[in-house]
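# Coordinate inspection notes
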Amino acid sequence: MSRSRTSTPAQPAGPDRARRAFLRGAFLAGGADATPEPLRPPWTDDGRVLDACTRCGDCLRACPEGILIAGDGGFPEVDFGAGSGTCTFCGACAGACRAEVFEPARNPAWTVTAVISEQRCLAVAGVHCETCRDACGEAAVRFRPRLGGPPRPELEPDRCTGCGACAGTCPADAITLQPEAA
Ligand code: SF4
Ligand code: SF4
Ligand code: SF4
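From a predicted model like this one, the values you see are computed outputs, not experimental measurements.

### Some words on the UniProt feature "binding site: [4Fe-4S] cluster 3" (unreviewed entry) in the protein chain
In the numbering used here, UniProt assigns the feature "binding site: [4Fe-4S] cluster 3" (unreviewed entry) to Cys160, Cys163, Cys166 and Cys170. Mapped onto the elements, Cys163 comes out in the loop between β5 (149–155) and α6 (165–169). Every residue in contact with Cys163, bar those within four places of it in the chain, is listed here: Phe80, Gly85, Thr86, Cys87 and Phe89. Note that Cys170 resides in the loop between α6 and β6 (175–179).

Have a look at this one:
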């Protein structure tokens, strides 16, 4: 059975840093003062990127969705605020890489799932918005009717592929991609 999840994060980071982190799908691990951990391309992780990436930029140029950017130090990061804002898991980034960065046998490609911030969500604040549901091709976002206000989104993590389509289109930057709960 699918689980439903929204989150109420602790104190958000400062506005500029938090917005960058949201758009890049970065995880604010360890609290507001921690350095955001970037979301690396699919079939990779932070260790593989930092150990093996030559910063050649081939994966960035190969991505037809335009969501890969050169982040800190020139290492590739996912930015759901760039390009189409969605990963289609096409594999072009992995195919273009000449180093030992990508691990195509890794399944799933990502162990991240979307999390909706109740503090930022417009629907929770009483404004009608169902943008994330419309963007999701996996029916992972459902809206439950409620008395006295517009329906609120609920995420079904079991359906979520971490594609980022919802995060890229949310007008309130309310959605982050975060490591799946153990
Ligand atoms: S799998 Fe395709 S869409 Fe996703 S980051 Fe790689 S090249 Fe871009
Ligand atoms: S798109 Fe964003 S603001 Fe709109 S309902 Fe979904 S999470 Fe809330
Ligand atoms: S990350 Fe993709 S699959 Fe997951 S809820 Fe958002 S749009 Fe749906």
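### Considering the confidence of the model for the protein chain
Taken residue by residue, the protein chain gives an average pLDDT of 83. The fraction at 70 or more is 79%. Between residues 1–20, whose pLDDT stays under 50, and residues either more than four places distant or in other chains, the model counts 45 contacts.

### Observations regarding the site of ligand 3
Lining the immediate environment of ligand 3, one finds Cys136, Glu138, Ala140, Val141, Leu155, Cys160, Thr161, Gly162, Cys163, Gly164, Ala165 and Cys166. Of the residues assigned to the shell around ligand 3, the class counts are eight nonpolar, three polar and one charged.

### Overview of the UniProt feature "binding site: [4Fe-4S] cluster 1" (unreviewed entry) in the protein chain
Here the UniProt-annotated "binding site: [4Fe-4S] cluster 1" (unreviewed entry) positions come out as Cys53, Cys56, Cys59 and Cys63. Summarising the element assignment, Cys56 is placed in the loop between α2 (46–52) and α3 (58–62). Owing to a relative accessible area of 33%, Cys56 belongs among the partly exposed residues under this scheme. Leaving out residues up to four positions away in the same chain, Cys56 has contacts with Arg61 and Arg98. Looking at where Cys59 falls in the secondary structure, it is placed in helix α3. Note on Cys59: relative accessible area 8%, which makes it buried.

Definitions and limits used
- Residues numbered from 1 in each chain as written.
- Chains lettered and ligands numbered in written order.
- Predicted model: local features only at pLDDT ≥ 70, side-chain atom pairs only at ≥ 80, totals over all residues.
- Heavy atoms only, no water.
- UniProt positions renumbered as here; feature names shortened; annotations may be inferred.
- Helix = DSSP H or I, 4+ residues; strand = E, 2+ residues; numbered from the N terminus.
- Contact = heavy atoms within 4.5 Å.
- pLDDT = per-residue confidence, 0-100.
- Near = heavy atom within 4 Å.
- Nonpolar A, V, L, I, M, F, W, Y, C, P; charged D, E, K, R; others polar.
- Buried < 20%, exposed > 50% of the residue type's maximum accessible area, 1.4 Å probe, protein only.

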